[in-house]
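Survey of secondary and tertiary structure
The lines below spell out each chain.
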Amino acid sequence: MKLDEYGEKIELLKKLVVNANTGRPKELAEKLGVSERTVRRLIDRLKTKNSKIEFDRKINSYVFKNEMKRM
C-alpha cells in the first residue's frame, strides 16, 4: 500500500470509529478494501498515536474511549 493510500485508510477509519460504524474486523476490512490483518495494523497505528480505541461488543464497532466519556 502506498503512503498516500495508507493515510486515506487511516482517515476513513477515524471517521468510521467516530460514527461508531466500523462493524466487526471482517466488515471493517471490506469497507476499507484491505485485509483483516491490515485493519489490525491500522488500529495499532492509531493506538500508538495516543488514540484510546477499543471494540464495543454491544454496538459491534470500534470506538474512541475518550469520545464515549463525553457523551
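So, here's what we can say about the structure. (Residues numbered from 1 in each chain as written. Predicted model: local features only at pLDDT ≥ 70, side-chain atom pairs only at ≥ 80, totals over all residues. Heavy atoms only, no water.)

**Some points on the overall build of the protein**
- From N to C terminus, the protein includes four helices and two strands.
- Over its C-alpha atoms the protein spans a radius of gyration of 11 Å, differing by no more than 12% from the 11 Å that the globule rule assigns to 71 residues.
- Over its C-alpha atoms, taken along the principal directions, the protein stretches across nearly 35 × 25 × 15 Å.
- Carbon and sulfur atoms form 47% of the exposed surface of the protein, whose accessible area is close to 5200 Å².
- Between the centroid of the 19 positive side chains of the protein and the centroid of its 11 negative side chains there is a distance of 5 Å. (Helix = DSSP H or I, 4+ residues; strand = E, 2+ residues; numbered from the N terminus. Rg over C-alpha atoms; globule rule 2.2 N^0.38 Å. Areas by Shrake-Rupley, 256 points an atom, 1.4 Å probe, with all protein chains shown as cover. Lys, Arg positive; Asp, Glu negative; His and termini not counted. Charge placed at Lys NZ, Arg CZ, Asp CG, Glu CD.)

**Let's talk about the pattern of salt bridges**
- Taken as a whole and judged by the stated rule, the model has three salt bridges.
- Note that Arg40 is salt-bridged to Glu36, the shortest N-O span being 3.9 Å. With Arg40 and Glu36 both in helix H3 (residues 36-48) and four residues apart, this pair spans about one turn of that helix.
- Residue Glu36 is classed as partly exposed on the basis of its relative accessible area of 35%. (Salt bridge = Lys/Arg side-chain N within 4 Å of Asp/Glu carboxyl O. Buried < 20%, exposed > 50% of the residue type's maximum accessible area, 1.4 Å probe, protein only.)

**Some words on the pairing of strand E2 (residues 61-64)**
- Of the two faces of E2, the one carrying Ser61 and Val63 and the one carrying Tyr62 and Phe64 are both buried.
- Examined bridge by bridge, strand E1 (residues 53-56) and E2 share four bridges and lie antiparallel to one another. From the neighbouring strand, Glu54 faces E2, where its bridge partner is Val63.
- Where E1 folds back onto E2 in an antiparallel hairpin, the turn is made up of four residues, including Asn60, whose phi is positive at roughly 50°. (Pairing = 2+ DSSP bridges.)

**Section: the environment of Ser35**
- With respect to the secondary-structure elements, Ser35 resides in the loop between helix H2 (25-32) and H3.
- You can call Ser35 partly exposed: its relative accessible area is 38%.
- In the structure, Ser35 is positioned 29 residues away from Phe64 in sequence and 22 Å away in space, judged by C-alpha atoms.

**Brief notes about the packing of helix H1 (residues 3-18) against H3**
- Packing of H1 against H3 brings their axes to within 11 Å, and their N-to-C directions diverge by 75°. In terms of their interaxial angle, H1 and H3 are classed as roughly perpendicular. Of the residues in H3, those touching H1 at Tyr6, Lys9, Ile10, Leu13 and Lys14 are Arg41, Leu42, Ile43, Arg45 and Leu46.
- Along the lines of polarity and charge, the residues of the contact of H1 with H3 split into six nonpolar, no polar and four charged. (Axes fitted to C-alpha atoms, helices over the stretch in contact; angles between N-to-C directions. Parallel < 35°, antiparallel > 145°, perpendicular 65-115°, else oblique. Contact = heavy atoms within 4.5 Å. Nonpolar A, V, L, I, M, F, W, Y, C, P; charged D, E, K, R; others polar.)

Just geometry here; none of it tells us what the structure is for.
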